[in-house]
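These are the residues of each chain, in order.
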Amino acid sequence: MNIGEVSLQHGRLMGRIATRTIDLPRIGLRPVESQNPRAPRYEVVALNVARRWVQIGALWEAETKKTGEVFLAGNIDDPSLPEPLPVALFRNENGGYAIAWRRDTLRSDAGGSGFGTSNYDMQGGDAGGRYEGGADNGFGDSTAGPDGTVMRQMALVGADEDDDMAF
């Protein structure tokens, strides 16, 4: 089920996610600069009610075993949610992503979840997913260090999605 989209806007990957109970009208994908192959490709950030950009998830590059299609997979999570929201982002013809939601289901052939590494191989590298605009993407620098660990968490008060300020 498609629950949102992300497109390139003013040099940044911006979009929205909406379900019956979740409305995130402003989200962004902030590239993670890391040499660690297990680090996420993007951090998912959202503009909260206080107009601060806050991290609400992370996305890793994944590949389907059957077709080899490269996509982004991860979770959206927040203390206000009853459980993490598993999402997959698939490239669209406009250079952005369609955001799909998947319910975790057991697979009898793999013995695991229907949305984890039992269905998909997590991949490193730049194939198809990394924003090519470099570190200055309008969302600030990644909070992930070179080894993939969180370095810092900062936010902007009174920020607007078009502000050119770093976190």
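Residues numbered from 1 in each chain as written. Predicted model: local features only at pLDDT ≥ 70, side-chain atom pairs only at ≥ 80, totals over all residues. Heavy atoms only, no water.

So, the overall build of the chain: which residues are in play, and what are the values?
The helix and strand tally for the chain stands at zero helices and 11 strands. For the chain, the N- to C-terminal ordering of α and β elements is β-β-β-β-β-β-β-β-β-β-β. For the chain, buried positions account for 41% of its 167 residues. Put simply, of all contacts in the chain between residues at least 6 apart along the chain, 48% involve residues at least 24 apart. Surface accessibility of the chain: about 9400 Å² in total, with carbon and sulfur atoms responsible for 50%. (Helix = DSSP H or I, 4+ residues; strand = E, 2+ residues; numbered from the N terminus. Buried < 20%, exposed > 50% of the residue type's maximum accessible area, 1.4 Å probe, protein only. Contact = heavy atoms within 4.5 Å. Areas by Shrake-Rupley, 256 points an atom, 1.4 Å probe, with all protein chains shown as cover.)

Explain the pattern of salt bridges to me, and be specific about the residues and the numbers.
One side chain can pair with another of opposite charge once the charged atoms of both are near each other. All chains considered together, the criterion is met by three salt bridges. A salt bridge links Arg30 to Glu43, with the shortest nitrogen-to-oxygen separation between them at 2.9 Å. Of this pair, Arg30 sits in strand β3 (residues 23-31) while Glu43 sits in strand β4 (residues 42-47), and the two are 13 residues apart along the sequence. Glu61 serves as the salt-bridge partner of Arg41, at 3.6 Å between the closest nitrogen and oxygen. Taken as a pair, Arg41 in the loop between β3 and β4 and Glu61 in strand β5 (residues 53-64) lie far apart in primary sequence, 20 residues in all. Taken individually, Arg41 and Glu61 each receive the classification buried, so the pair is uniform in this respect. (Salt bridge = Lys/Arg side-chain N within 4 Å of Asp/Glu carboxyl O.)

Can you explain the nonpolar core? Please cite residues and give values.
Counting 20 residues, the largest nonpolar core has Val6, Leu29, Leu59, Val87, Leu89, Tyr97 and Ile99 as its most contacted members. For this core, the secondary structure elements donating two or more residues are β1 (2-9), β2 (12-18), β3, β4, β5, β6 (70-76), β7 (85-91) and β8 (97-101). (Core = buried A, V, L, I, M, F, W, Y, C linked by side-chain atoms within 4.5 Å.)

I'd like a description of the packing of aromatic side chains, backed by residues and values.
Counted under the stated rule, the structure contains one aromatic pair. Where Phe71 meets Phe90, the ring centres are 5.0 Å apart and the plane angle is 20°; that geometry is what we call stacked. Of this pair, Phe71 sits in strand β6 while Phe90 sits in strand β7, and the two are 19 residues apart along the sequence. Under the relative-accessibility criterion, Phe71 is labelled buried at 2%. Note on Phe90: relative accessible area 25%, which makes it partly exposed. (Phe/Tyr/Trp six-rings, centres within 6.5 Å; stacked < 30°, edge-to-face > 60°.)

Pulling in residues and values, what's your account of the side chain of Ser34?
Take Ser34: it is sitting in the loop between β3 and β4. Its relative accessible area of 16% is what places Ser34 among the buried residues. Polar contacts involving the side chain of Ser34 include one to the main-chain amide nitrogen of Asn36, which spans 3.0 Å. (Polar contact = N/O pair within 3.5 Å; in protein donor to acceptor, adjacent residues only side chain to side chain.)

Please give an account of the environment of Thr67 that cites residues and values.
Its location among the elements puts Thr67 in the loop between β5 and β6. On the basis of relative accessibility, which here comes to 63%, the residue Thr67 falls in the exposed class. A distance of 2.6 Å separates polar atoms of two side chains, one belonging to Thr67 and the other to Thr64. A polar contact of 3.2 Å, which involves the side chain of Thr67, links it to the backbone nitrogen of Glu69.

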